[in-house]
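A structural walkthrough
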Amino acid sequence: MAPVTNGRELFNEIVPAGELPTPGKTTVYDTSETIDFDTVPLNGGFLVKTLALSMDPLLLPSMRAPQKGQPMPPFPIGKPIMGVGIGVVLRSEHEGVEVGSHAYGALSHQEYSIVPTLKNPMQPVEIIKKNPKLSWTAQLGPTGLAGETAFCGWKEHSKAKKGETVFVSSGAGGVGSIVVQLAKKDGLKVIASAGTDAKVKFLKEIGADVAFNYKTTDTREVLAKEGPLDIYWDNVGGETFNAAIEATKMNARLIVSAAKSQANFNGTNQPIKVAGLFNARSLTMVGFNMFFLRYKHMAAFRGEYVPQVANGEFKYAEDIRHGLANAGEALLHALSGENVGKVSVIVAEE
Ligand SMILES: NC(=O)c1ccc[n+]([C@@H]2O[C@H](COP(=O)([O-])OP(=O)(O)OC[C@H]3O[C@@H](n4cnc5c(N)ncnc54)[C@H](OP(=O)(O)O)[C@@H]3O)[C@@H](O)[C@H]2O)c1
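The name given to the chain in an unreviewed UniProt entry is Enoyl reductase (ER) domain-containing protein, with Mycena metata as the source organism.

1. Remarks on the overall build of the chain
Each helix and strand counted, the chain has ten helices and 17 strands in total. Referenced to the eigenvectors of the C-alpha coordinate spread, the extents of the chain come out at roughly 65 × 40 × 35 Å. Partitioning the intrachain contacts of the chain with sequence separation of at least 6 by distance along the chain shows that 69% fall at a separation of at least 24. Element-wise, carbon and sulfur atoms account for 54% of the exposed surface of the chain, whose accessible area totals about 14900 Å². Taking the average place of the 35 positive charges on the side chains of the chain and the average place of its 35 negative ones, the gap between the two points comes to 7 Å.

2. Describing the packing of helix H2 (residues 145–157) against helix H9 (residues 290–310)
Their axes nearest at 8 Å, the elements H2 and H9 cross at an angle of 95 degrees. Relative to H9, the element H2 is oriented roughly perpendicular. Touching Leu-145, Gly-147, Glu-148, Thr-149, Phe-151, Cys-152, Gly-153, Lys-155, Glu-156 and His-157 of H2 are Met-290, Phe-291, Leu-293, Arg-294, Lys-296, His-297, Met-298, Ala-300, Phe-301 and Tyr-305, all from H9.

3. Concerning the site of the ligand
Taken together, 25 residues surround the ligand, and among them Ser-170, Gly-195, Lys-199, Tyr-214 and Met-290 come closest. The contact in question runs from an oxygen atom of the ligand to an N or O atom on the backbone of Gly-195, over 2.7 Å. The contact in question runs from a nitrogen atom of the ligand to an N or O atom on the backbone of Phe-288, over 2.8 Å. In isolation the ligand offers 910 Å² of accessible surface; the protein chains occlude 89% of this area. Sorting the residues of the shell around the ligand by element identifies helix H3 (174–185), helix H7 (263–266) and helix H10 (327–336) as the ones contributing at least two each. Of the residues that constitute the shell around the ligand, the class distribution is 13 nonpolar, eleven polar and one charged.

4. Topic: the nonpolar core
In this structure, Trp-154, Val-166, Val-180, Leu-203, Trp-233 and Tyr-305 are the most contacted members of the largest nonpolar core, which totals 50 residues. Not counting residues within four places of it along the chain, the set of residues in contact with Trp-154 comprises Thr-149, Ala-160, Val-166, Val-179, Leu-182, Ala-183, Asp-186, Leu-188, Ile-231 and Trp-233. Counting residues in hydrophobic clusters, the runner-up holds 20 residues, among them Tyr-232, Ala-247, Val-256 and Leu-277.

5. Section: the sheet that holds strand S10 (residues 165–168)
Strand order in the open sheet formed by six strands is S12-S11-S10-S13-S14-S15, with parallel pairing between adjacent strands. Each having just a single partner strand, strand S12 (210–213) and strand S15 (284–287) make up the two edges of the open sheet. Across the sheet, the axes of successive neighbouring strands diverge by a mean angle of 15 degrees, strand direction being ignored. Here four bridges tie strand S11 (residues 189–194) to S12, and the two strands are oriented parallel to one another. In the sheet register, Ala-192 faces S12, and the bridge partner there is Ala-211.

6. A short note on the pairing of strand S6 (residues 82–92)
One ladder, built from eight bridges, connects strand S5 (residues 46–54) with S6; its direction is antiparallel. Within the sheet, the bridge partner assigned to Val-48 lies in S6 and is Val-89.

7. With respect to the domain arrangement of the chain
Here the chain is partitioned into domain 1 (4–139 + 317–346) and domain 2 (145–290). Between the C-alpha centres of domain 1 and domain 2 the distance comes to 28 Å. Counting from both sides, the interface comprises 24 residues of domain 1 and, opposite them, 18 residues of domain 2. Where domain 1 touches domain 2, the interface holds zero salt bridges.

The rules behind these values
Residues numbered from 1 in each chain as written. Predicted model: local features only at pLDDT ≥ 70, side-chain atom pairs only at ≥ 80, totals over all residues. Heavy atoms only, no water. Helix = DSSP H or I, 4+ residues; strand = E, 2+ residues; numbered from the N terminus. Contact = heavy atoms within 4.5 Å. Areas by Shrake-Rupley, 256 points an atom, 1.4 Å probe, with all protein chains shown as cover. Lys, Arg positive; Asp, Glu negative; His and termini not counted. Charge placed at Lys NZ, Arg CZ, Asp CG, Glu CD. Axes fitted to C-alpha atoms, helices over the stretch in contact; angles between N-to-C directions. Parallel < 35°, antiparallel > 145°, perpendicular 65-115°, else oblique. Near = heavy atom within 4 Å. Polar contact = N/O pair within 3.5 Å; in protein donor to acceptor, adjacent residues only side chain to side chain. Nonpolar A, V, L, I, M, F, W, Y, C, P; charged D, E, K, R; others polar. Core = buried A, V, L, I, M, F, W, Y, C linked by side-chain atoms within 4.5 Å. Buried < 20%, exposed > 50% of the residue type's maximum accessible area, 1.4 Å probe, protein only. Pairing = 2+ DSSP bridges. Domains from an automatic or database assignment. Salt bridge = Lys/Arg side-chain N within 4 Å of Asp/Glu carboxyl O.

In structure tokens form, the structure reads like this:
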């Protein structure tokens, strides 16, 4: 077979603190490479055609200047972005990986890529089955990275009890919208915030008892009226974190999902101002890295939660873009908060 173009989204420039990525500058779409499916050396790995990629805010910290505590290593300049995706196997030399099977996990932002092994913990990839009731983008969102983060973090750390009150920031996001619904299933009162009225509407549709636009309504006023809080699920950090700590009850739990918390979005550090409340109220703050936690909860995630999503017991919204060339725009769309639902890019049909 003749070589075909292998489109790639290359990391081109570090994103300065306080700024969001600029499509075409931070990343560039490159078509200079070709690939021959029949002859490209696999060296024991397998060749994947990318079908869909998840546009995760988690990608942003790796676009910043190298610094301590980045959840994942910085992206090397001139190389393809590495994110979470799903692809179909076109050729394989890897034991247990069949042609036509589907790979889920850390995939390069390129149309075709070679996965060297299923055993590299720094590039976790696994072979998954298509759920006939879920699209590939759903398998990247509510039952992919976002769902895993919400489910594993909630099961491990919430210690939720019926009648308690939880506040979820960025409640309409991929992670937040699942946390809202897990908390409702556990019988909690759910307060959730988002940055647009369309997202607030979505929050009400998925069952949040109190949903508000943090850009037009004061978070502290809402929490003073609707709290106090037994649990705060943090997706954003910053001043919202401080407002949540102030609104806690005795023995409240603060669950830090946000990658690098406040520095995730703006690349600057805003200190936690009310640290004194931690001992006064016996607060517990816990962070987690889903990549290490997921193995503990996978049986319940796949056996109980995924069928519930497939059966419609959990609602989710999707914001889908098409074509790898539009991945930079799609990520910016997710980060700027204009999206309603999980942003994914469909790279190719099967
Ligand atoms: N712990 C882990 O292992 C793990 C794994 C995956 C993801 N994460 C983290 O979990 C969080 C949620 O993930 P997600 O994928 O569902 O993302 P997400 O919540 O959809 O994040 C993007 C949203 O954050 C909000 N936002 C943007 N800038 C903000 C700012 N300056 N202040 C407050 N909010 C701002 C925007 O929504 P609104 O403005 O409308 O609220 C935007 O749409 C992220 O921080 C992500 O990095 C952690």
